[in-house]
Amino acid sequence: MLPEIKLSVLKLQHQSPIFSDDDILYMYNVLEESNISDQDIRKKHVEMLKTKASIKATNESQIKVATCMTCGRAVSGKVEVFCLLNKERFKGSIYCYEHQKPHI
Ligand SMILES: [Zn+2]
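Residues numbered from 1 in each chain as written. Predicted model: local features only at pLDDT ≥ 70, side-chain atom pairs only at ≥ 80, totals over all residues. Heavy atoms only, no water.

Chemist: Would you mind going over the overall build of the chain in detail, with residue names and values included?
Modeler: Counting its regular elements, the chain contains five helices and zero strands. Counted from the first residue to the last, the chain has its helices and strands arranged as α-α-α-α-α. Of all 104 residues assigned to the chain, the portion counted as buried reaches 16%. Long-range pairs, those at least 24 residues apart, make up 31% of the contacts in the chain between residues at least 6 apart in sequence. Put simply, the chain shows about 8700 Å² of open surface, and 59% of that area lies on carbon and sulfur atoms. (Helix = DSSP H or I, 4+ residues; strand = E, 2+ residues; numbered from the N terminus. Buried < 20%, exposed > 50% of the residue type's maximum accessible area, 1.4 Å probe, protein only. Contact = heavy atoms within 4.5 Å. Areas by Shrake-Rupley, 256 points an atom, 1.4 Å probe, with all protein chains shown as cover.)

Below is the structure:
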């Protein structure tokens, strides 16, 4: 960290306390600010990982649940929703684009 490097360099040059109260207060503020931003970054990082994990879980469940009744191929969430919204046409089953045709 830069204030620490600066501190050790100045100590070597002067060999005696050279910081005023204002300098110490300034460095304290810098350190405190960097801690706050670190916590903020960590929090954001955790939130990002949680979001990624939930997206992954959603995708995995869609792949497991949404498969074509005829060929068993995985279909996208859009296809699944389309089939479920047309219950009369597909009788609550899910079909891939190809196997939706005979039901029209
Ligand atoms: Zn199919």
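Chemist: So what's going on with the coordination of the zinc ion? Residues and values would help.
Modeler: Protein coordination at the zinc ion comes from Cys-68 (SG), Cys-71 (SG), Cys-96 (SG) and His-99 (ND1), with a distance range of 1.9 to 2.3 Å. Seen from the zinc ion, its four donor atoms lie at angles of 97 to 117°, and the figure they make is tetrahedral. The sequence pattern describing where the donors of the zinc ion fall on their chain is C-x2-C-x24-C-x2-H. Taking relative accessible area as the criterion, Cys-96 reaches 9% and is therefore assigned buried. (Donors = N, O, S within 2.8 Å, 3.2 Å for Na, K, Ca; no water. Tetrahedral: all angles 85-135°; square planar, octahedral: opposite > 155°, others 65-115°.)

Chemist: Hey, could you go over the side chain of Ser-93 for me, with residue numbers and the actual values?
Modeler: Tracing the chain through its elements places Ser-93 in the loop between helix 4 (87–90) and helix 5 (97–100). Excluding residues that lie within four positions of it along the chain, Ser-93 makes contacts with Met-69 and Cys-83.

Chemist: Can you explain the packing of aromatic side chains? Please cite residues and give values.
Modeler: To describe a pair of aromatic rings, you give the distance between the ring centres and the angle between the ring planes. This model, assessed by the stated rule, comprises two aromatic pairs. Pairing Phe-90 with Tyr-95 gives two aromatic rings, centres 5.9 Å apart and planes at 40°, and the pair type is tilted. Summarising the burial analysis for this pair, Phe-90 and Tyr-95 share the class buried. Three or more aromatic residues link up through ring pairs in this structure, and these residues are Phe-82, Phe-90 and Tyr-95. (Phe/Tyr/Trp six-rings, centres within 6.5 Å; stacked < 30°, edge-to-face > 60°.)

Chemist: Account for the pattern of salt bridges, naming residues and giving values.
Modeler: Tallied over the full model, the rule gives one salt bridge. With a shortest N-O distance of 3.6 Å, Glu-98 and Arg-73 are connected by a salt bridge. Taken together, the residues Glu-98 in helix 5 and Arg-73 in the loop between helix 2 (21–65) and helix 3 (77–85) connect sequence positions 25 residues apart. Taking the relative accessible area as the measure of exposure, Glu-98 reaches 47% and is therefore partly exposed. (Salt bridge = Lys/Arg side-chain N within 4 Å of Asp/Glu carboxyl O.)

Chemist: Requested: an account of the nonpolar core, with residues and values cited.
Modeler: General note: in soluble globular proteins, nonpolar side chains tend to be found buried as a group. Ala-66, Cys-68, Val-75, Val-79, Cys-83, Phe-90, Ile-94, Tyr-95 and Cys-96 together form the largest nonpolar core, which totals nine residues. Setting aside chain neighbours within four positions, we find Val-75 in contact with Ala-66, Thr-67, Cys-68, Glu-80, Ile-94, Tyr-95 and Cys-96. (Core = buried A, V, L, I, M, F, W, Y, C linked by side-chain atoms within 4.5 Å.)

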